[in-house]
Amino acid sequence: MDREKFLNACSEQVNWRVIVSIPPAVGYRAAPDEAIRIMGEIKRHVDGFSGLVVDYDRICKFCGAAWEVADGMKAIPDGRPLCCEKAGKMFDESALGTLER
Ligand SMILES: [Zn+2]
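Residues numbered from 1 in each chain as written. Predicted model: local features only at pLDDT ≥ 70, side-chain atom pairs only at ≥ 80, totals over all residues.

Some words on the overall build of the protein chain
In step 1: A count of helical and extended segments in the protein chain gives 4 helices and 0 strands.
In step 2: Within the protein chain, residue pairs in contact and separated by at least 24 positions form 9% of the contacts whose partners lie at least 6 positions apart. (Helix = DSSP H or I, 4+ residues; strand = E, 2+ residues; numbered from the N terminus. Contact = placed C-beta atoms within 7 Å.)

Here it is, written out as structure tokens:
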């Protein structure tokens, strides 16, 4: 069984969505204004479609990794970033870091 057959035997594709990327000329970290403008353009041209949302990924400003925080871990307070020391240190030094202890 190859990887594709295994995937289809054990999983299914659900929650399909259309993703519109902000043009590279606008920039990877484009302002939300551009995303909202594009959403307005799509709504104008596609009738009877209500499932349109603006979404984004969150990354760490220090290391660029996907933003992931501790949740229900014993040794790490909830909300503390897991990606790098710099983000973790900033959390520890913030009010957020002291609230959990
Ligand atoms: Zn980081």
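What to know about the environment of V69
In step 1: Here V69 lies in the loop between α2 (32–45) and α3 (85–93).
In step 2: Classification of V69 by C-beta neighbours within 10 Å gives partly exposed; the count is 17.
In step 3: Counting along the chain gives 14 residues from V69 to C83, while the straight-line C-alpha distance between them is 8.0 Å.
In step 4: If sequence neighbours within four positions are ignored, V69 has contacts with G79, R80, P81 and L82. (Buried ≥ 20, exposed ≤ 12 C-beta atoms within 10 Å, placed from the backbone.)

Topic: the confidence of the model for the protein chain
In step 1: For the protein chain, per-residue confidence averages 83 on the pLDDT scale, and 86% of positions sit at 70 or higher.
In step 2: The spread of mean pLDDT over the elements of the protein chain runs between helix α4 (residues 95–99), the lowest at 66, and α3, the highest at 94. (pLDDT = per-residue confidence, 0-100.)

What to know about unusual backbone geometry
In step 1: Although it is not a glycine, N15 adopts a positive phi angle of roughly 55°.
In step 2: The exposure class assigned to N15 is exposed, which follows from the 4 C-beta atoms found within 10 Å.

Topic: the environment of I19
In step 1: Here I19 shows up in the loop between α1 (3–10) and α2.
In step 2: Taking the C-alpha atoms as reference points, I19 and V53, separated by 34 residues in sequence, lie 9.7 Å from one another.

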